[in-house]
Each structure stands twice: as C-alpha cells, then as structure tokens.
Amino acid sequence: MSKMKEKILSLGRRECTAEIAEFLGNQDPREIAEEVRRSLSAGDGPAMLLYILQGLQTKVELERACLLVIKTAIKELAQSMAISASSMKTFVEELEMAVGKLNSESLADLTEVMIRLVEDINEMSGDETDVSWIQIFAGVIKEITEKEFITPKDTHVEISGAEYRTRIISTLCDVRWHPRTSIAMIIMFRDCKLSNQEIEEVFTKANTSLTRSSMKDIAPLFHQVLKMLKNSASCSGKLISTITQYFSSKLTIAERQSADSAPTMDSVELIESDHSAEEVQQAEGMVVYYITQAAKVGHPIAKEVSKLTRSFTSFPAAIMNPFSLFNCLAITSVKHLKEAILDGLKQSISKGYSMEDSRRACVWYRTQTPAIPDIASLFSLIISQSSKHGGWDLIGQGLVDLSFLLLDVQPPLGKMNRRTRSIHQLGAGVLTKVIKKHSSSVQIIIPRLMDRMVIKPKATQYTSALMQIIKDATTYFMEDGNGAVIAKLIEKINLLSYAGGRSTLNALIPLLKVNRTLRNPLILVLRKSLFSQNVQTRMVGVSGVYTLLKTFKISTSLISSQLSQSSGSLSQLSIDIHRGSTATNDALCAELLGVLKRCFSLQPEVKMIFYRDMITVISKNPELCEGFLDLLYLHALELFEGVNGNLMPDLDFDKTLVQRNGTWSISEPAGWFLHCLQTIVSKGQQLMDAGDCAVLDKLGSFLDRLCTKYGEADIQDLGFDPSDNYDRKSVEGKKRSCKVDILLNVYEALMEYLIDHGVDKHLNKTDLFLKLLHNHISLRNLLNTQKPRKTEKKGEKSKKFGAGEETIIEKDDAKEVQASKRPAADEKVEEFQMDQHAQSLRSMSVILQSVLENRSPEKQSSLSKLRDHDGFLAFLHASLTTLLDRSHNQLLISGDQGEHSELTFKHLLNITATLFRHSITSLEPVFDFLVPSSELVVTYVKVLMESFPRRKLVVIKSLAEMDSGKATEQNLNPVLVPCLNKIMKRISSLSEDLEKDDEADKKLISAVRLSSVLMKEINGEQPHEGYCEKLKKFGDQFTSEDPAVCKPIVELTFLANLRLQFSGSLCPRTARQLHCIYGDLDTTREVEMSKNLGFLSEETAEMVLPILIEHMDSSIEYADQAITWLKTLVGLPSPMVNMASTELAVTEHIAKMVSPSMELVNTALPVGPMSTLCLKFLTKLYRILGNLANYFFLRTRYCKSSVTASKLDKLVKMVGTQLSPNVYCLITFIQKKYKEQDDEAKAARAKKNKILDPNIARAKVLRETKEIPNLIFHIENFEKNIAKVGKRINQKFEFRLPTSRDFRIRLTEDHMKELNDEDTDEDSDEESGAEDEEEGGRHQSSASQSQVAVLSLSNRPQDASTAHGDEPAAKKSKLSAKLSKMKENRTQRS
C-alpha cells in the first residue's frame, strides 16, 4: 500500500475531510488519479474513492483534480474486468454524487469523455464487461439540464443546458449500441425523465437494438424498454409490432412443430447456431409475462394489444402467429381487457376461416391474399409451449373462455357451413387439449358445456364437442376427482332433447367402457326417463338403454331364458345398485331387455326409436338377437292374427289406430315394427342354424306366410275400395288414410324381407316381390289420386285445407271436419307423423347393386324381371330419394358422430359408388334407369360431402376406385382429378349423342352438375393438371341452343374460371356476344357481329346473362374483400404483403370487370328481371369503386405515388369517360321502356273500362325503379371519394358529364369559384373515413328520398352554360343564401 493511499484511508476513517483536502492539494493531480485507478480493483477501492472525492470537492481550486479523478475512475470502470458487481454499484453511486458538484465546464469535459467511452465499447473484448457505469450518464444529463448556460467542447459556442441535453441524447442515439450496452442505456435514459419527444427518439434507437438483440438479451432489454414507455401509447404499439416480428423471424411455425414433435433432437441443428427452440420459447414466455404484468398496472401497451387485435380482424394473418396469440391470451388474465381481447380473437378466427374459404373459391384472391396458418396447430403449439416453458397460468382460463365463445357461434340462417363447422371443431379441439394438459379443467369445462346443451337443445355443436373431448381424452376423465362431474352430467341427461340426449349417451360410451361404476347412476337416470311423462325424455331413455346394450356385450345367447324371469322395470337391478353390488353384463342385459317390454305401450314416437335403433344394437351385440326375438314375438302375437300355425296371418288395424278429440291417428307403427322384426329375423338366420331357436323358426314361417298373404291378395281383399273416401279432412277418410299409411309400411317391410332372402335369385320370390310392389303402387294411388267432385243440390263450398282448390262436401261432413279441427280445450295434441318407406339403406344398397351391376348368369332371370317391370325402377328411385332425405335430415340434427354414424355412411357410400359407376363408367348400364341414377348420384354426392366433411377422401377414393396415394383430406387432387376426368369423358360422350339419344340431354345435365359439385373440392394450390384444359377444350367445342342443357355447362365454365384458372377474356367475350344478340341502346348504331361462344345464342341469352352477372359479382366481391384487409395495413404494414403489388392486382382485376360492364350498359337489355339484375350489379360495382377510392385516400397519406403505380388513374378514366355516361343512358332507356309498357297497359285498361288502384300503381313504379336511386347514390359517392384523392395528390381525374342529371344541384362558374375558395385541408383522414362510413350507412335513406326526383329524369343535355338558365328561382335563392353564409364564416375565421 502506498503512503498516499495509507494516509488518505487513515484520515478518511477519522472523518478528517479538511485534512484530506489539504493533503491532496499538495499532491500532483495525476498521481492522485493514478492512485485511484490502482485502488478500484482492490477491496478498499470504494472507501479510497469516496474519501478522495470528498476531499477534492471541499475546495474550488481542486475542481480540475476532482474532474481528472472522476474521468480516470470512469475509464477504469469501463475497461477493467476485475471489479466485482457489488463494488461497481458502489463506485457508480459515489461518482453520481460527485458529478452533481461539478461546474459547467467540467460537465462539458466529462460528457465528451463519456461519449467516447460509449463509442469505444464495441471495440472492447468480452461479453462479461460490466457496463453499469453508463448509469453515471443519467446524473451528468440531469446536472446539464439544470445549467442555464454551458459551452460544449466540440463547438465552443455557449448554449443552454436544455439544448445541450438534447444534443447529448441525439449523439448517444447515433452511436451504435453494443447488445451489452443497450440494456444499460435504456436504464440510464429511464432515470433521465425524458420528454415525449425524447422518448420517441430513444425508442427508435432501442427498437433497432431489439431487432439485433441476441436471444439471451431480448427479454431483459424488452423489459427495460417497456418500463421506459409506461406513458407512451404510440411507441408501445410499435414495440409490440417489433417484438412480434422478432420472434416470428427467429422461429417459424414449421420449426416449432418440428421441435415440439422431436424434443430429443438437437434443436440447434433444427434451427440456427445462435439459439435453440427452447431458448426462443423461454424468451417468449418471459416477454409475455412482462407484458401481462405491465397490463395489470395500467401500462398503455395493454390497450395497444387490444387495439391491434380489433384492427387486425380484417387481416387475421397478422395476429395468427404463436407469439401474438400467446400474448393476447395472456392479457385475457387482466379482467378489464378480457372481453375485448376474446371478442377480437373470435372475430379474427372467424375471419381467418372466411378468408380461407374465399381463397379456395377464387383463384385470383388466392394469389393475392396470404394464407392463414393452421389455427388449430397454433393453439396446440401455444398450449404445449406454455406447459413446458411457463405461461399456462396466464392463458388457461382465456383458452377455455375463447373455446366456448367459438362454440357459441351460430351458422348464418341456421344452415351449417364449412366456416362455422371449422370454428366449432377448433373450440372443441382446444378444450380437448386443455384437458389433456390439465385434467382438473374437466371440472370447469364439462358443467359449462352441459348448461349450454340444456339451454340450447337444437345446437348440436355442444354435444359434438362433448363427444370429441371424451373420445380423445378418455383417460383424463378418470383423474383428479373428475368422476363426480361425470355423475352430475349423467343426472342431467333427462333434461336434454332426444337428439341431445342420444348424442350425449353416445359420447359417454368410452367412459362407460373404462369406468364400469358410471353405469350404475346411468341406469337409475334411464329408469326415471322411461317413466317420465315427457315424450322426448322417454325417447332419451330408450336410446340410453340401447347405449348400454351396445356397450356391455354378453358372452352367450341364453339371455332369453332370463328374460322370462325379468320384472321389466329395472327394480331389482336398481336395488342391487343401491346396495353397492355389481351386476354382470349378462344380468345387466337381461334386465335391460326386460325394461324394453314397456316400450310397446308407450307413444308411437317412442316406438319408432325403439324399432329403428334395435337393428344397430344387434349389429354391435349380436348375442342379444335371441332375446330381442322373444320380445318381438310377444308383440307380434298382439298385433297379428295367425302368427302360429299354418293359417294366413292378418294385421289387426284396431290395435294400430286410436281416436282422440274426434280425429284418428296412428298409435302403433306396425309397418316399422314389421321392418324391425324382419331385419332381426334375417340377422338371426345368419347367426343361428335352423332348429336352434324355436322362436326364430316361428317368426320366419310367419313372415313367409305374411308375404304370401299380402302378395296374393289385392287391395279390395284387404278392405280398400278406390271409391271410398280417403280425404284426411273427414273423420272416416282420415281413418282409411291412416290404415293405408300403415299398410304401405307393411308392404315395404315385406319387400325388404324378400330382398334379404333372394329376390334377385329365386323366381318365385321375384314374382311375389312384384305382386307386393303392385299392391303397394295401388295403395299409393289411393292417396295420390284426387277424388272427383260430387255435385249435389244441397251442399256448401269448403276450402280444401292446405290448398287453393275448392271442393263440394256435404253439410254434415263439413261440420264433422270443423269439429275435428278443434282439439279439446284442455288438451294440446300434436299428431304423430309416421315416416314412409319402412326400408333401410342397407337393403336398398343390396338390391341396387344387384339390379344395376350383377351380371351372374344364374341371377339374370330374376333380375331381368325386376328391370323390365314398369313400376320397380320408379319404386327404387322413390325409395332412394326418400331414404336420402331422411338420412340427410337426421345428419343435419346430429352431424357426423364418427363410429356412431358409421353404418349410415357405409350404406350411403355404397349406394353412391354404385350410382356413379352405373351413370358414368358402366359399359352395360340399365338404360331405363340411366336418367334417374344420373340425377340421384348428384344428390347423394352432395349429401355425403356436406354431412361427412372429414371423410371426403374416402368418398372420392370410392368413386375413383383407386388408392389414395399421396391424397389427404387437405389435398384430394390425386384422386379427385382422375375422378373428374372420368366424368369429363362421359360428358364429352353424351354431348356427341345429343342428336341421337332423346334422353342424352338429361344425362348430360346431371353429369355436368356432378362435375360442378366435385370441382368445388379441388385444392387450387396443389397441382390439378389436365382437368382445366379438358374443360376449356370442351367449352370451346360445345354448341347447343337448348337453355336447359347449356345452363349447367355455362355454370361449370364460369365456376372453373373463378376457382381454378381465371381468364380475363371470358366475361368480355360473353358480354360482347350478348350485346350483339340484344342490340345497342342506340338503334342507329350497328353492333359488330360476335359468335365465338357455342353455348350463347338468342335462345340461351336470357339464361346466360344472369350467370355472367353472378360471376362478375363474385369477382368484384373478392376484390372488395382484398380492399378491406388492405385498409387494415395502411398504417400498420405487414411484411407478409407487398402492398404495391396487391394494389395493382386489385385495380387490374376490377378493370377486367369494368370492361364487360361497358358492354352491358350499352346493351338494350330486356326490362324486368334482367335489367334489374344488371342495375344491382352496377350498384355493387360503384360501391366497391367508392371503397377503393376511399382506400387510396388513406393510402396517399403515406405514399402519394400509389395512385399511379397501381394504375388507379387509368381505371378512373375508364369508368368516368366510358362507363358512367352510358350508365345514365341505360337508366333512361329502362325508364323509357317501363313508360311504354305502362302506356300500353293503360290503353288496354281503357278499352276494358278498368281503373288501376293508385296505390298499386305507385307500388309498381317504385318496385320497378327502386335500384336506380341506389345506383346513382353510389356513382356520386365514388366521384366524391376519387375527387378527394385527386385533391390530396394534386391530380385531376377525367370524368365525362352525363346527360341525365336534373336531380343534382347545378352550379354556375361563379358558384364553383366561390365554393372552391372555401375548400381547405381542415378535414383529417380519420374524419373523412368516418364520413364515408356514415354515408354508406345512410345511403338507403338518401336513395329513398331521391326516388321521386329520379323517376322524373328527363333526357336533356346538361352543361355549365345552359344549366343555370333553367334553374328554378327558389333553388337559386337557396344556393345564394348558402354561399353568403359560407362567406361570412370565412370572414369570421380570418
């Protein structure tokens, strides 16, 4: 230790500051500074520095020595790596105190030194160097700010301390910040209490540092920047954008998925060398935590996140990235922001699916709009990341709440579509993933789901979600005490509707299999349900019993012996359950079969469920067949006479009908019972040998005799006479018609029995089948044939119920009818409506395939009889149609329930594949059934695609008859394109046979429609070579003048043009040819002949025009969608989008629709629906043009060259000079034609001395011209918006003055000059945008107010020189008053 150091420490410890000052005054300042430098790395360094600074600051003459010591100490702190962190902190505090006592000159000198040190940091080696000394700068800047004047060393010009402060901050921001420096600099600036302007300057620099920061530094740097911006909303928004782009660039979604799926791999190799996937996700979690904590204390960044979430609802790709989604979900933990964030996320997700639908539907939109990442995968990544690296406590509740918001989305008009279905699947999928990560969440999710199922019984998405959750997360329901939640769910099943209860019971099957204790509470609930007074609840009870029977399979078929001992009420089983004992499967099924006997005495609605679902139970648990046969046998004995023995059995109709409140209704659907019976018997005959089951043998004999009885007898033998009354309005007629309905079902069930027993092989059964069919047709004719009117002298007219015809009936019968219409006052009766066609898809699939495709020689005799029969093919067609409608309606209610819908899907698919092969590829078709099969296959494919959206690959693979190969549910093209090529080959063949085959047109129509249905499933982003070329070639070669044939072909052509391969010439060519066909508005002008589209002629023009306009309408609609999301990016550009390129594409696309529009507005269109359709399209076109102009008004605020670069000026010139003037000519033409029609109608009425009601006349005029005011409003709105754009960029757009403008205020040149003087730039961009929105909201009322004026338009030329002379005096006085008032306002402001 040197003597100087020893002396100073000795004096300092004795607090002899004056002696220290005296001692240091006699020393060389350089030696003092050197002693300080050597002491800093020693243990007594802080004390040494403190004592020296205290001594030097007691005398003014020691200022220079003090400055030298401070500079030396700071340099050593900046360069030395031997100083500990604790000592560094002490040194910084001591130096900050010392800086506060320096004068202006010393402060300026010290500032220059410290700036050079900051500049030299980049040259220093080692990341371990402590840079916390930069904090001293905060004290320097504070002291400089308080100085009135100071002289910087670089300029030697005296300036104020505030000015020098500004220069220092700017200089520091100009210096390149080392990553180690950035955090220290932000901390230092935070202590400087920066102004808003200074914050923006520092943030700009910090923002740049953030983008270059390493992964280990990003979180602390972000945290310090976040603290600095606690009062700056604008910079907070930019900070969110920067950090989002940072993380998106460091780790793509594909890399996240790879790292998540392969956690054992070296993530450094997966991504980059400077960071791993785990490091990125950990940093994200820390940043999100900082943002959330800041949001809880009111930091403006929370509102900025909420604002961005709402702003990007039109462009969800901006927030559909892992970090943004994670961040938004985390902020939902802040109570006052939760609702806004969740609503914004819901809208973004919904818009994302809508945009994906639009991308699939339009090839142009697909090329301009960036794809949305798979949203379900994003949520999976976030849930996985939050579980591994933290953050789950922030997002867990938000995920659950968002999922239920998604499930609550209702389809538009109540019809399910792809977007809504995807939203529901996402909500259910997220809930499933939440439960998988945290099984205790079952106790939150399931009760909320059940409440919605009870409150909204028609909303199937909740039961579908429950089914998906239980199926994918079955084992998690067995953890953390979740059994009590499931028990409560089971208790509420009887509160559900039948559809909801059945779906819930199906959902519970996986739980029932793994947790047998759940069946006890379920059995008790089902028992209560079966004894409930509510029909829906009883139906749920039956479905629940069947669910248990399907789930708990038995090992033997001896259950029938136990059945006879069963009480039929589940009472003994219930007692055993209460006692805690466990029943075996056999005992359980025996009791359940016993309780089902009660179903025979319940309402017919319950019986229908009982009969239909029994077949499914047998397919799942075939050992129950014998027990069910015993049940059915006992009921057959009650309904039919002669079940046993050799006598011919007969149905007792008295046991199938009931009379209530003076009307008859069906109490026993005997035909459906017979359908169930014959199906179970057929199944039993497959499972058991003859003689093994006596009941089976009896029932088989009974069905054979029943077929013979009803086949040999005619309808008169059965008690039905064509002359009888079958009018359902009368009591007796209703009774007879109910009997016929039952008997029709009986015949249908018996025919199905014969189908299952060799109708296609044995001639005797074929003949019997055709006899049954003959009687079925005769019975059907009894109901379909209208009874001839009776002419009686005494009678009264009574209008036919449900129809517009009048029939004459007897007075007594009329009274009877009226009485039957009035139910009892104390009872509200809903009549049971029994389904027709008591047949199954399975049997129809079997007989259809045999008749259409079976070519086995031993079966041709029977099959030929069936094919040649007049009514069989018609019956087959009707049955297939009815069964499809029934299945479709059921699927609309329940949806695709996976394995529970497997049988329906299987049989529908088999029928569809058979119909497809027969109508498209078969070389030996049944010619009489070609037209029906061609029509049916279209309907069946539509239903399969709509009802089973997750099985499309299976459907297409079955039609194409090839392996799926590389095809997936997302890309069906590998199997879909070959399938479409087969159809196109068939279409070409049929088009060649149009003149040879009278029915070729119907076949061609169906084939083209089938192609349209399947073409919508093509993935336009994947290869689909060949099909478009074949379709284009066919369209160019096809020629026909039949509108019915041309319509589907034209629709297919335009659909392919929109979805797959857009051609800008199709619409202009079509419009030009229509112009040629209809002629020009100016009859003196000749239209150039155009005949290049074979499907377009005078006969088909009226059919083609609506299709053309619809196509153009769709095209501009997608352009409008692009404009909408472009508006979102005006102030917040995204790296995902090239704005200039997209703007150019939008204007060019609209221009391609303006071109055919110019042809249409010059065409002498037929007034009426065609002209109205054209006016509606023009209205929409101008509305979108106005929207485009409004967008560019906002865009030119940031980029004035965008108008020229996007060619908007050329589009405006085209519209203003060529389209708009001719639109007004078209309006005049339409009004003239309407007037001519009115004059002709008036003359015709005058000849007949008739007078038209004025109200009717007024309504007619308004109806015919209601589109004109809307069109004019949007034209003017477009012109106004584009004028604002021109004013902003100082460019004048060219417009040609129209001819019919009497409804507008006409201004003289003087008026215009005065108004132009008043024009200022006071209106802000935001106000202009708001004004446009208000204008759009008010345009309906404005248009309505101008209707009367528009109706009186005259075809007078209008220009500035003549307009003023014709102007009314009242209008001129009002205008002058308005101008005078504007002058006064201007004078007052000046």
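Residues numbered from 1 in each chain as written. Predicted model: local features only at pLDDT ≥ 70, side-chain atom pairs only at ≥ 80, totals over all residues. Heavy atoms only, no water.

Novice: So, empty space enclosed by the protein: which residues are in play, and what are the values?
Specialist: Evaluation of the coordinates by the stated rule reveals three cavities of 30 Å³ or more. Its volume calculated, the second largest cavity comes out at about 50 Å³. What lines the second largest cavity is Arg502, Asn506, Ser543, Tyr546, Thr547, Lys550, Asp613, Thr616 and Val617. Elements with a contribution of two residues or more to the lining of the second largest cavity: helix H27 (498-514), helix H29 (535-551) and helix H33 (604-620). When residues of the lining of the second largest cavity are assigned to their parent elements, the largest contribution, four residues, is made by H29. The residue makeup of the lining of the second largest cavity, split by class, is two nonpolar, four polar and three charged. (1 Å grid on protein atoms, 1.4 Å probe; cavity = no way out; pocket = protein on both sides within 12 Å on 5 of 7 lines; lining within 4 Å. Points joined across faces, edges and corners; volume = space filled by probe spheres on them. Helix = DSSP H or I, 4+ residues; strand = E, 2+ residues; numbered from the N terminus. Nonpolar A, V, L, I, M, F, W, Y, C, P; charged D, E, K, R; others polar.)

Novice: Could you give an account of the pairing of strand S3 (residues 657-660), with specific residues and numbers?
Specialist: For S3 and strand S4 (residues 663-666), the ladder comprises four bridges, and the chain directions are antiparallel. In the sheet register, Val658 faces S4, and the bridge partner there is Ser665. Taking the residues that link successive antiparallel strands as the turn, the S3-S4 hairpin has two residues, and the phi of Asn661 there is positive, at about 55°. (Pairing = 2+ DSSP bridges.)

Novice: Any chance you could break down the nonpolar core for me, citing the residues and the numbers?
Specialist: With 426 residues, the main nonpolar core has Trp133, Leu549, Phe628, Leu1014 and Ile1150 as its most contacted residues. Apart from residues lying up to four places away in sequence, Leu1014 is in contact with Val941, Met945, Ile956, Leu959, Leu976, Cys979, Leu980 and Ile983. (Core = buried A, V, L, I, M, F, W, Y, C linked by side-chain atoms within 4.5 Å. Buried < 20%, exposed > 50% of the residue type's maximum accessible area, 1.4 Å probe, protein only. Contact = heavy atoms within 4.5 Å.)

Novice: Can you lay out a negative patch on the surface for me, pointing to particular residues and giving the numbers?
Specialist: A grouping of Asp868, Asp928, Asp998 and Glu999 is seen on the molecular surface, where their side chains present a negatively charged patch. Inspection of the secondary structure puts Asp868 in helix H41 (residues 860-868). Take Asp868: its relative accessible area is 60%, and that puts it in the exposed class. (Patch = residues over 30% accessible without salt bridge, like charges linked within 9 Å, V, L, I, M, F, W, Y side chains within 5 Å. Areas by Shrake-Rupley, 256 points an atom, 1.4 Å probe, with all protein chains shown as cover. Salt bridge = Lys/Arg side-chain N within 4 Å of Asp/Glu carboxyl O. Lys, Arg positive; Asp, Glu negative; His and termini not counted. Charge placed at Lys NZ, Arg CZ, Asp CG, Glu CD.)

Novice: Please provide a residue-by-residue account of the environment of Pro370, values included.
Specialist: Inspection of the secondary structure assignment puts Pro370 in the loop between helix H20 (363-368) and helix H21 (375-389). Each C-alpha atom of the pair Pro370 and Ala317 lies 7.4 Å from the other, and the pair is 53 residues apart in sequence. Excluding its chain neighbours within four sequence positions, the residues that come into contact with Pro370 are Phe315, Arg359, Trp1125, Met1136 and Val1137.

Novice: Tell me what's going on with H33, and back it up with residues and numbers.
Specialist: Helix length check: H33, at 17 residues, gives a terminal C-alpha distance of 25 Å against a target of 24 Å (1.5 Å per residue), a fit within 8%. The sharpest bend along H33 measures roughly 30° and falls at Asp613. Regarding H33, the residues found buried are Pro604, Val606, Lys607, Met608, Ile609, Phe610, Tyr611, Asp613, Met614, Val617 and Ile618. Buried positions along H33 lie against H27, H29, helix H32 (585-596), helix H34 (625-639), S4 and helix H35 (670-687). (Expected span 1.5 Å × (residues − 1). Bend = angle between axes of the 7 residues up to and from the residue.)

Novice: Pulling in residues and values, what's your account of the packing of helix H36 (residues 694-712) against helix H37 (residues 731-755)?
Specialist: As a packed pair, H36 and H37 sit with axes 10 Å apart at the nearest point and diverge in direction by 120°. Accordingly, the angle class assigned to the pair H36 and H37 is oblique. The way H36 lies across H37 gives a crossing that is left-handed. On H37, the residues that touch Gly700, Leu703, Asp704, Leu706, Cys707 and Tyr710 of H36 are Leu743, Tyr747, Leu750, Tyr753 and Leu754. (Axes fitted to C-alpha atoms, helices over the stretch in contact; angles between N-to-C directions. Parallel < 35°, antiparallel > 145°, perpendicular 65-115°, else oblique. Left-handed = near helix turned anticlockwise from the far one by under 90°.)

Novice: Kindly report on the pattern of salt bridges, identifying the contributing residues and their values.
Specialist: Inspection of every chain in the model, using the stated rule, returns 48 salt bridges. Note that Asp109 is salt-bridged to Lys71, the shortest N-O span being 3.3 Å. Residue Asp109 is found in helix H7 (residues 104-120), and its partner Lys71 is found in helix H5 (residues 63-79); the two are separated by 38 residues along the sequence. The class of Lys71 is buried, set by a relative accessible area of 16%. Among the ionic pairs, Arg951 bridges to Glu902, the shortest N-O distance being 3.0 Å. Here Glu902 lies in helix H43 (residues 902-921) and Arg951 lies in the loop between helix H44 (930-947) and helix H45 (952-960), a separation of 49 residues in the sequence. Given the relative accessible area of 11%, Arg951 is considered buried. The exposure class assigned to Glu902 is partly exposed, which follows from its relative accessible area of 38%. Through salt bridges with shared partners, one network takes in Glu34, Glu35, Arg37, Arg38 and Glu76.

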